[in-house]
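Fold and contact review
Here is how the chains run, residue by residue.
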Amino acid sequence: MITTNSATASPSPVNAGDPLITVVGLRKYFPIKQGVMQQVVGHVKAVDGVSFEVRQGQTVGLVGESGCGKTTLGRCISGLSVPTAGGVYFQLPDNLRVRLEELLAKAQLDPTELDELARIDSGHRVDQMRGDRWRRYRRNCQVVFQDAYSSLNPRHLVEDIVGRPLRVYKEASGSELTERVVALLESVGMGRQHLLRYPHQFSGGQRQRISIARALALDPDFIVLDEPTSALDVSVQAQILNLLHELQRKLGLTYLFISHDLGVVRHMSDRIVVMYVGEVMEAGPAARVFADPLHPYTEALLEANPDLAGGSGEMQGLEGSVPDPARPPAGCRFHTRCPVATARCGWEVDDAVGWLLEQAMLGSGVVGVQRSSPFDAELSFHTESDAAAVAAALETGPLPPPLRAALTQVHHDSRKVRIRLTEVDPVVLAEVEPDRSTSCILRTGL
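Rules used in this analysis
Residues numbered from 1 in each chain as written. Predicted model: local features only at pLDDT ≥ 70, side-chain atom pairs only at ≥ 80, totals over all residues. Heavy atoms only, no water. Helix = DSSP H or I, 4+ residues; strand = E, 2+ residues; numbered from the N terminus. Polar contact = N/O pair within 3.5 Å; in protein donor to acceptor, adjacent residues only side chain to side chain. Contact = heavy atoms within 4.5 Å. Pairing = 2+ DSSP bridges. Axes fitted to C-alpha atoms, helices over the stretch in contact; angles between N-to-C directions. Parallel < 35°, antiparallel > 145°, perpendicular 65-115°, else oblique. Left-handed = near helix turned anticlockwise from the far one by under 90°. Nonpolar A, V, L, I, M, F, W, Y, C, P; charged D, E, K, R; others polar. Expected span 1.5 Å × (residues − 1). Buried < 20%, exposed > 50% of the residue type's maximum accessible area, 1.4 Å probe, protein only. 1 Å grid on protein atoms, 1.4 Å probe; cavity = no way out; pocket = protein on both sides within 12 Å on 5 of 7 lines; lining within 4 Å. Points joined across faces, edges and corners; volume = space filled by probe spheres on them.

Turning to the side chain of Glu348, a few remarks are in order. In this fold, Glu348 is placed in the loop between helix H12 (296-304) and helix H13 (349-358). In terms of polar contacts, Glu348 uses its side chain to reach the backbone amide nitrogen of Ala330, at 2.7 Å. Discounting residues that sit within four places of it in the chain, Glu348 has contacts with Pro328, Pro329, Ala330, Pro374, Phe375 and Leu421.

As structure tokens, this is what we get:
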């Protein structure tokens, strides 16, 4: 049983079900640099406009393929990485969240509104907190990383690793510190006999238990679990998941559980947030998402997991690879792999060019591509015959049906070919059922 010093333990002013973490329009871009002067020539859009909330006592599962931005989002939420835009808010009441959304929706704010926004940010926005507010957030938000070995100092004893947060916050010292560490270890199924050992002397599951014990040292309200079981054997995974469940029940913890394994997420989560190439595809209560997914990408993830009922272990109907987050597709980012894509999903010039490359229609004959927009471009060729062949391929070739339906113009003029496709607005995450959101236009009708 974990014991705490009531005089120093951090109070939790929120009640069960109140918002604990609120993510609003969060973006995290990483610059792409080239040349001797390291000039910025683009950005990798790891997280691009993500919004959701985690309420007190909940477990929110954040799922998606590798590279979709899950870990980057987790690092921004835990304060380990500063967002490029948007923000993460701690203990933001519902009334302030509504007011924040009203202020952010305005094109221009007057001085009074700017002051009001600054007060909300300084009191609740993680990257704007200072002093005691920041220290309070840091102790109330802890992280358990995927690789327990690399997150534990190999030169420190377990007693020092687990006890360090208590020493930093001056909560215990001497024999009291040792007993607090023993209590923490016992809460995760270990004990006093493990105090004077180094991380390399433990198995992977034991190291993860040590990481969990360290995360619990300051009695946090919120823990980010970044793939905490992906590197463990199946039997050990079950032990760690059951441990996390039990700790949540006893201590009233709130989790953000990041994983690519929907079987694990279903076991752990109250709500699900599905990400793909930096954006949220679907969000809602876990039971309803698993029973009736609203987005084709969620359906594909469920189908790919053999542990789930009906799952075959393969991404049925999906072709191609995950798009480059430095040049994400326009419209719906999943449309390039979606088995039910339509002409309104955001087909662009790059999709047509990619098809031409697959058909070996573009090669040394192309001189360049001049884009007016993602949906309108002019291709230049060395010879008129090369241009004519490409125009004929686009007009009569076996284009994917939704791409052909989106193609509105193919104009051949000498050594140039003008391509134009149906222009669409960026997709938005919209609530289509009570407490359920999706970005699929087949559901939203947008």
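We are not done yet, so read on.
What follows concerns the sheet that holds strand S7 (residues 254-259). A sheet is described by the order of its strands in space; here eight strands give the open sequence S5-S6-S7-S3-S8-S9-S15-S14, paired in mixed fashion. Looking at strand neighbours, the two that pair on one side only are strand S5 (141-144) and strand S14 (430-433), the edges of this open sheet. In this sheet, neighbouring strand axes are inclined to one another by 20 degrees on average, regardless of whether the strands run parallel or antiparallel. Inspection of the sheet shows strand S8 (residues 271-276) paired to strand S9 (residues 279-285) by six bridges, in the antiparallel sense. Note on S9: the bridge partner recorded for Arg271 is Pro285. With respect to the sheet, helix H8 (residues 204-216) is in contact with S5 and strand S6 (222-226), its orientation differing from that of S5 by roughly 175 degrees.

The contact between helix H6 (residues 158-168) and helix H7 (residues 174-187) brings their axes to 9 Å, and the two run at 110 degrees. As judged from the angle between their axes, H6 and H7 are roughly perpendicular. When you trace H6 past H7, the crossing you get is right-handed. For the pair H6 and H7, contact is made by Val158, Glu159, Val162, Gly163, Leu166 and Arg167 and by Leu177, Thr178, Arg180, Val181, Leu184 and Leu185, respectively. Among the residues forming the contact of H6 with H7, the class breakdown is seven nonpolar, two polar and three charged.

To continue, consider helix H3 (residues 111-124). Here H3 spans 20 Å end to end across 14 residues, near enough to the 20 Å set by a 1.5 Å rise per residue. Every buried residue of H3 is accounted for by Glu113, Glu116, Leu117, Ile120, Asp121, Gly123 and His124. Residues of H3 that are buried make contact with strand S4 (85-90), helix H2 (94-105) and helix H4 (131-140). The opening residue of H3, the one whose side-chain oxygen lies 3.1 Å from the backbone nitrogen of Thr112, is Asp110.

Turning to empty space enclosed by the protein, a few remarks are in order. If a probe as big as a water molecule is rolled over the atoms, it shows which places are left empty. Applying the stated criterion to the full structure yields two cavities of 30 Å³ or more. Within this model, the largest cavity holds a volume of roughly 70 Å³. Across the lining of the largest cavity, the residue classes break down as nine nonpolar, two polar and no charged. One number sums up the size of the second largest cavity: a volume of about 40 Å³. Lining the second largest cavity are Glu65, Ser66, Gly67, Cys68, Tyr276, Val277, Tyr297 and Val322. A breakdown of the residues in the lining of the second largest cavity according to their chemical character gives five nonpolar, two polar and one charged.

Attention now goes to unusual backbone geometry. Phi angles above zero are rare outside glycine, and Gln38 is one such case at about 50 degrees. By secondary structure assignment, the location of Gln38 is in the loop between strand S1 (19-34) and strand S2 (39-55). The phi angle at Val277 is positive, at roughly 50 degrees, despite the residue not being glycine. Counting through the fold element by element, Val277 comes out in the loop between S8 and S9. Taking relative accessible area as the criterion, Val277 reaches 3% and is therefore assigned buried.

Everything listed is a geometric property; what it means functionally is a separate question.
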